[in-house]
Amino acid sequence: MAGTGPAPILFNEFFQMFMRCMPPNGWPANSRIAVGNSGGPDSTCLLFLLKKLLADLRSKAMARQSIPTSVVSLSVNHNLQETSNSMAARSAANAVAMGVEHLTLDIPWGTPPFSAKPVAGQPIEQVAREARYHVIFDGMARTGAHSVAFGHHADDQVETSLMRLARGTTELGAGGMRRCRRWGMGTGDVEGGLGWVGQHGLNRWIVRPLLEVRKDRILATCEEHQLDYVNDPTNFQPEITLRNAIRQMLTLQEEGKDMSALSGLPQHITGSLEKIKIAAADLQETTMDLEGGLHQLHGAVKVLSSRVEDVDNEVTLHLKNLTLPSPPSTLILSSHALPAIVDPTVRLALVLRVMRYVSFHPWGSLRADGNRRRTSIQRIIDTLWQSDGAPSFTAGGGVLWQPAIFSAKRRLRVGTQCIGRQLQPGERFAWMASRLPAVPYHILDTATLSSKLDVDITERLAMAMNRGDDSLEVLFDCRFLVRFDLSQIPVELADALRNCQETGVNVRIKPHTRYYWPKVVLQKPSYPDTTYATPMDDGQIDTFGHAPWVIMEYIRLLDAT
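In this text the structure is predicted, and so the values were computed from the model without any measurement.

Q: What is the right way to look at the overall build of the protein chain in this model?
A: Of regular secondary structure, the protein chain possesses 14 helices and 20 strands. Its C-alpha atoms give the protein chain a radius of gyration of 26 Å, near enough to 24 Å, the size a compact globule of 561 residues would have. The C-alpha extent of the protein chain, read off along each of the three principal axes, is 85 × 60 × 55 Å. Across the 561 residues of the protein chain, 51% fall into the buried class.

Q: How do you make sense of the sheet that holds strand β4 (residues 145-149) when you look at a structure like this?
A: The pairing of strands in a sheet happens through backbone hydrogen bonds and is either parallel or antiparallel. Pairing is mixed across the open sheet formed by 6 strands, whose spatial order is β3-β2-β1-β4-β6-β5. The open sheet is flanked by β3 (101-106) and β5 (180-182), the only strands paired with a single partner. Taking each pair of neighbouring strands and ignoring which way they run, the sheet shows an average axis angle of 25°. Where β5 and strand β6 (residues 205-207) come together, 3 bridges link them in antiparallel fashion. Residue C180 lies in a different strand from β6, and its bridge partner there is V207.

Q: Got a minute to help me understand the nonpolar core in this structure?
A: Nonpolar side chains tend to gather and get buried jointly when the protein is soluble and globular. L350, W401, F484, I509 and V520 are the most contacted members of the largest nonpolar core, which totals 75 residues. In terms of residue count, helix α10 (residues 344-358) provides more of this core than any other element does, 10 residues in total. Those residues in contact with L350 that lie beyond four places of it in its chain are V315, H318, L319, L322, L333, I341 and W385. Core analysis: the next-biggest nonpolar cluster, separate from the first, contains 33 residues, L47, L49, L54 and I218 among them.

Q: Any chance you could explain the packing of aromatic side chains here in plain terms?
A: Two numbers describe a pair of aromatic rings. These are the distance of the centres and the angle of the planes. As enumerated under the stated definition, the model contains 12 aromatic pairs in all. Both rings, one in Y133 and one in W183, keep their centres 5.6 Å apart while their planes meet at 55°; by these two values the pair is tilted. Pair noted here: Y133 is in helix α4 (residues 124-143) and W183 is in the loop between β5 and β6, with a separation of 50 residues, a long-range link. In terms of burial, Y133 and W183 fall into one category: buried. Measuring from centroid to centroid gives 5.7 Å for Y515 and W517, while their planes differ by 40°, and the two rings are tilted. Residue classification places W517 among the buried residues on the basis of a relative accessible area of 2%. Grouped by ring-pair contacts, the aromatic residues Y133, F137, F150 and W183 constitute a single cluster. Stacked on the ring of F360, the Lys or Arg R435 has its end atom at 4.0 Å from the ring centre. It is K524 that lies over the ring of Y527; its NZ or CZ is 5.9 Å from the centre.

Q: I would appreciate a short explanation of the sheet that holds strand β19 (residues 541-542) in the present structure.
A: Read from one edge of the open sheet, 5 strands run β13-β16-β17-β18-β19, paired in antiparallel fashion. In this open sheet, the two edge strands, each paired with only one partner strand, are β13 (455-456) and β19. Alignment of β13 against strand β16 (residues 506-512), held across 2 bridges, turns out to be antiparallel. Of the residues in β16, the one forming a bridge with V455 is I509.

Q: Help me understand the packing of helix α5 (residues 154-166) against helix α7 (residues 242-254), please; the structure alone is not making it clear to me.
A: The axes of two packed helices give the description: the angle between them and the distance between them. Remark: α5 packs on α7, axes separated minimally by 10 Å, with the N-to-C direction vectors making an angle of 120°. By the angle between their axes, α5 is oblique relative to α7. Relative to α7, α5 is oriented so that their crossing is right-handed. Within the contact between the two elements, α5 uses D156, V158, E159, T160, L162, M163 and A166 and α7 uses L242, R243, I246, R247 and L250.

Q: Honestly, helix α1 (residues 11-20) in this entry has me stumped. Any pointers?
A: The periodicity of an α-helix, 3.6 residues per turn, causes residues three or four positions apart to be oriented the same way. Listing the buried residues of α1 in full gives F14, F15, M17, F18 and M19. Residues of α1 that are buried make contact with β1 (32-36) and α2 (41-58).

Q: I'm lost on the pattern of salt bridges in this one. Help?
A: Scanning the entire structure with this criterion turns up 27 salt bridges. The residue D469 makes a salt bridge to R467 at a minimum N-O spacing of 2.8 Å. Overall, D469 belongs to the partly exposed group, its relative accessible area being 28%. Members of the salt-bridge network, linked through shared partners, are E159, R243 and R247.

Q: Please clarify how the pairing of β4 should be interpreted in this entry.
A: Counting buried positions along β4 yields 5 of 5 residues, so the element is predominantly enclosed. Examined bridge by bridge, β1 and β4 share 4 bridges and lie parallel to one another. Across the sheet, residue R32 finds its bridge partner in β4, namely A145. As paired strands, β4 and β6 are joined by 3 bridges and run parallel to one another. Note that in β6 the partner of A149 across the bridge is V207.

Calculation rules
Along each chain, the written sequence defines residue order, and numbers are assigned to residues from 1. Thresholds applied to this predicted model are a pLDDT of at least 70 for local features of residues and 80 or more for the giving and counting of side-chain atom pairs; totals over whole chains, interfaces and linings are not thresholded and use all residues. The basis for every side-chain value is the complete set of non-hydrogen atoms in the structure, without hydrogens or water. Helix and strand definitions follow DSSP, with helices as H or I runs of at least four residues and strands as E runs of at least two, each counted in order from the N terminus. Here the globule rule is a power law, 2.2 Å times the number of residues to the power 0.38, and the radius of gyration is based on C-alpha atoms. Relative accessibility decides the category of a residue: with a 1.4 Å probe and only protein chains considered, values under 20% of the type maximum give buried, values over 50% give exposed, and everything between is partly exposed. Between any two strands, at least two bridges found by DSSP are needed for them to pair. Axes here mean lines fitted to C-alpha atoms, for a helix over just the part in contact, with angles spanning 0 to 180 degrees between N-to-C directions. Nonpolar cores were defined as sets of buried Ala, Val, Leu, Ile, Met, Phe, Trp, Tyr and Cys residues, with membership established by side-chain atoms within 4.5 Å. Residue contacts follow a heavy-atom distance rule, with two residues in contact if any of their heavy atoms lie within 4.5 Å. Any two rings among Phe, Tyr and Trp, with Trp reduced to its six-membered ring, count as a pair given centres within 6.5 Å; such a pair is stacked if its planes are under 30 degrees apart, edge-to-face if over 60, and tilted if neither. Ring-over charges, as used throughout, are those where CZ of Arg or NZ of Lys falls within 6 Å of the ring centre and within 35 degrees of the ring normal. Each angle receives one of four descriptions, namely roughly parallel if under 35 degrees, roughly antiparallel if over 145, roughly perpendicular if within 65 to 115, and oblique otherwise. Less than a right angle of anticlockwise turn of the near helix away from the far helix marks a crossing as left-handed, whereas a clockwise turn marks it as right-handed. The term salt bridge refers to a pairing of a side-chain nitrogen on Lys or Arg with a carboxyl oxygen on Asp or Glu at a separation within 4 Å.

Spelled out as structure tokens, the structure:
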């Protein structure tokens, strides 16, 4: 009896996949979702299923659920190979054939913030990826999309897991890509630079509905519905990227073919393949046998992905129990309950979550996680779990860890005054995580600071007033969003701004207190600074007798997404 072959994806099945990758607070009402459309089978299948699903749901009872109301197709023309233009054209043609709005995004190589077009010998894949994500986010902003869906599938998930093992990841990283995650503030470090999206990325999402579907089912779906697509020829050249080499290795194993086809690969790729084999053998949560075939690897990666979700949920519960009332922008963890957390992976995830919350590096970037350097993270874990009242220290990520003594009835004690101190009734030892100071606190007001901490907003305020804008937002130190209500700006400050070029006055946001909270100051030649707004200990904003024209919100997130 002939085999039936892989089954196409059913629409009801896809609905469940789509809802499983819904953002934590649901799909916003009347929102739009984008699809990253390369013209290949994965994104073509995803675009087709999503367009059909949204159309069907709007006409049925399920429309009562909060779902996106429309889909837009985004394709990126990298202009890096001969087939770039034809693939972009195919992406556009497919979208038009499905009745989907489409936008082709060209990468303007050599135009800031983009580098010159990469050439052989450069890390083409990495450069292209950074440029691609930059223009995709721009495309989302231009089309009003709240989320972007990518066609990554279960085979991609295996490849991603193995690639991360080659880089020395933990078992958390080996769990692969998430079904749903925030975009984050981006990979750039300079406002307006490549990869930078700032606060806007905290409300944008990447979703992957097909992440548990194997490639053969995607191809079967394309065949079932006669979907036209193209294959990127570079995907099948193992000498170009590690991902391609992994894909070739798994395909040869699946087909029982000789592995000699992988001989002659560049040394760095061969070395990475060897690292994968060693790292896979050392995994504790599951058995990952590279010679066991794709089916076994899918199962292993699924176990690791499920483990990531379990760890995320456990860390969230622990943080609710451990976190004490903390000054804005800091996090205080009670020491007495830490020893109850014995799982090394949960300890690691908790420390990374806290670092990401208080760091001044872009939220969601590797730098906010201390670049996940194992020795540094382990130092933090060892100190927090084994030493009450140890000296203050830092171990990366722009985070300062300080001993603290907390009492609901007494002033918080932080730093050296906690070392060797006998606890009084009602007191408990704790650890405070806060922003690592750029300079000692006692010289903060007189030190020369970088433009990221001493932010001149004179021109931005003046231009916003001239345009008649109601408000202005400024991200300070990748931590605070400072909002100005221009309808309530103090009269004397507005007058000073209108004549700022003649008078030489300027308005700045500078760090204040040992926690580097923002303060808004007016500077006049030969006059001391005038402070117009700063946070107080309770999080309220002191505008020094003026109307509440400034709001300062700490926007970094403590959740797992």
